[in-house]
Amino acid sequence: YNEFFLFWKRVKSKDLAIFTRQFSAMLGAKISLTDSLNSLYYQTTNSVLKEALYEISQDITSGLSLSQALQKHGNIFFDFYVNLIQSAEVTGRLEEVMEYLANYLEKELLLSSKVKTAMIYPVFVISLSLIVGGVLIGLVFPQIKPIFTEANFELPLITKIFLNLGDFINEWWGGIIIFLIVLLIIVLDYFRSKEGKAILNQLVLSTPGLGNLFKKLYIARFSEVSSVLIKGGIPITQSLEIAGHTIGSEIYEEAIHEIVERLRRGEPLSQAFQLYGKYFPTIVTQMISVGEQTGKLEEMFQKINSFYSREVDNLVSNVSELIQPVIMVFLGLMVGFMFAALLLPIYNLIQVIR
């Protein structure tokens, strides 16, 4: 469970975005690199980032470049971040790149916040439904059980299941709560592992409505990072690999890795993308093909990003509506089973009385 405890000792996206914005402002004010880092060290409240900034400042003082110092803290500064700064050091555009990184991180933070906020409603509705359902089964069904058992007739299977489940919940509710808490911790820990992330990501991508949103989100992120890195002089294969690590999807990362391997073997990039049409729609492949033919691949990636960013913005505002059919089906099934468990034996009881 090492990963579970490491989760709480990390630098959050918000902390990194704030640091980058402050760092960008200080460099823009022509404050030296070491003075900027030392000042940010005293301003930072995150202990992990604070320790990293101290070490980075020491490394720069001892002769390392900023990108080399940041690279030693890969758990905080991801590949895209480091490689962009590395290219900026070569071209002398560090202030400009830090400004871009600050804008990029703030945009990603805002988007993530919108998605999380939109997800609160469906998660709340489903969680509340499960709690209410559990209370009804645990309290109501045991109360009406004597009525059905005294009637001395064969109960429907679904009613038997709910009555037995009600007895079980009523007797073991304390153990059930403890079990659910332990199970939640284990599941959350598993979903932070590489395998767990891949399974969770596959589930999300397979969810009607929600899957379409995340596919477009991943394509927008991938195309933006690829465009910026290629424009910064990073080789195409390396740019695509870094972009794959950055977008936040194990599934897409694996697909992009395989595309890069095909590119290294000499296959055209558009042809390699075409083989993964499940993740990259035809429009993406066609635009990449145009970029290859015209020698303006970074411009095509930027256009792909612009298109899908607009799509994501439109979809994010309607996330609740996208998930609503799934919620309605879930609630409908749950209510339907409970009503069937109650009404079927009542109907049979009336028949017996007649």
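Participant: Please explain the packing of helix H7 (residues 94–150) against helix H8 (residues 157–190) as it appears in this structure.
Facilitator: Think of two packed helices as two axes; the pair is described by the angle between the axes and how far apart they sit. Where H7 meets H8, the closest approach of the two axes is 8 Å, and the angle between their N-to-C directions is 115°. Of the two elements, H7 crosses H8, and the hand of that crossing is left-handed. Of the residues in H8, those touching H7 at Gly134, Ile137, Gly138, Leu139, Phe141, Pro142, Lys145 and Phe148 are Thr159, Phe162, Leu163, Leu165, Gly166, Asp167, Ile169 and Asn170. Split by residue class, the contact of H7 with H8 holds nine nonpolar, five polar and two charged.

Participant: Help me understand the environment of Thr237, please; the structure alone is not making it clear to me.
Facilitator: Mapping Thr237 onto the fold places it in helix H11 (residues 236–246). Along the backbone, Thr237 and Arg264 are 27 residues apart, and their C-alpha atoms lie at a distance of 7.4 Å. For Thr237, the contacting residues outside a window of four places in its chain are Val260, Leu263 and Arg264.

Participant: Could you clarify how one ought to interpret the side chain of Ser24 in this entry?
Facilitator: With respect to the helices and strands, Ser24 occurs in helix H2 (residues 13–28). Ser24 has contacts with Glu95, Met98 and Glu99, leaving out every residue within four places of it along the chain.

Participant: Even after reading the chapter, I still don't get the packing of aromatic side chains, so can you show me in this structure?
Facilitator: Aromatic rings in a pair are described by how distant their centres are and how their planes are angled relative to each other. For the coordinates displayed, the defined rule picks out 20 aromatic pairs. Seen from their ring centres, Phe19 and Phe77 are 5.9 Å apart, and the 65° between their planes marks the pair as edge-to-face. With Phe19 in helix H2 and Phe77 in the loop between helix H5 (66–71) and helix H6 (79–91), this residue pair connects regions lying 58 residues apart in the sequence. Both residues of the pair, Phe19 and Phe77, count as buried. Here Tyr190 and Phe191 contribute two aromatic rings whose centre-to-centre distance is 5.8 Å and whose plane-to-plane angle is 50°, an arrangement assigned as tilted. On the accessibility criterion, Tyr190 (32% relative accessible area) is partly exposed. Ring pairs connect the aromatic residues Phe19, Phe23, Phe77, Phe78, Phe80, Tyr81, Tyr100 and Tyr104, which therefore count as one cluster. The aromatic ring of Tyr41 is capped on one face by Lys50, whose charged end is 4.6 Å from the ring centroid.

Participant: Just to check I follow, could you spell out a nonpolar patch on the surface for this structure?
Facilitator: Residues Ile120, Phe124, Leu128, Ile131, Val132, Val135, Leu136, Leu139 and Val140 make up a contiguous nonpolar surface patch of roughly 800 Å² in combined accessible area. Mapped onto the elements, Ile131 comes out in helix H7.

Parameters at a glance
Residues numbered from 1 in each chain as written. Predicted model: local features only at pLDDT ≥ 70, side-chain atom pairs only at ≥ 80, totals over all residues. Heavy atoms only, no water. Axes fitted to C-alpha atoms, helices over the stretch in contact; angles between N-to-C directions. Helix = DSSP H or I, 4+ residues; strand = E, 2+ residues; numbered from the N terminus. Left-handed = near helix turned anticlockwise from the far one by under 90°. Contact = heavy atoms within 4.5 Å. Nonpolar A, V, L, I, M, F, W, Y, C, P; charged D, E, K, R; others polar. Phe/Tyr/Trp six-rings, centres within 6.5 Å; stacked < 30°, edge-to-face > 60°. Buried < 20%, exposed > 50% of the residue type's maximum accessible area, 1.4 Å probe, protein only. Lys NZ or Arg CZ within 6 Å of the ring centre and 35° of its normal. Patch = residues over 30% accessible without salt bridge, like charges linked within 9 Å, V, L, I, M, F, W, Y side chains within 5 Å. Areas by Shrake-Rupley, 256 points an atom, 1.4 Å probe, with all protein chains shown as cover. Salt bridge = Lys/Arg side-chain N within 4 Å of Asp/Glu carboxyl O.

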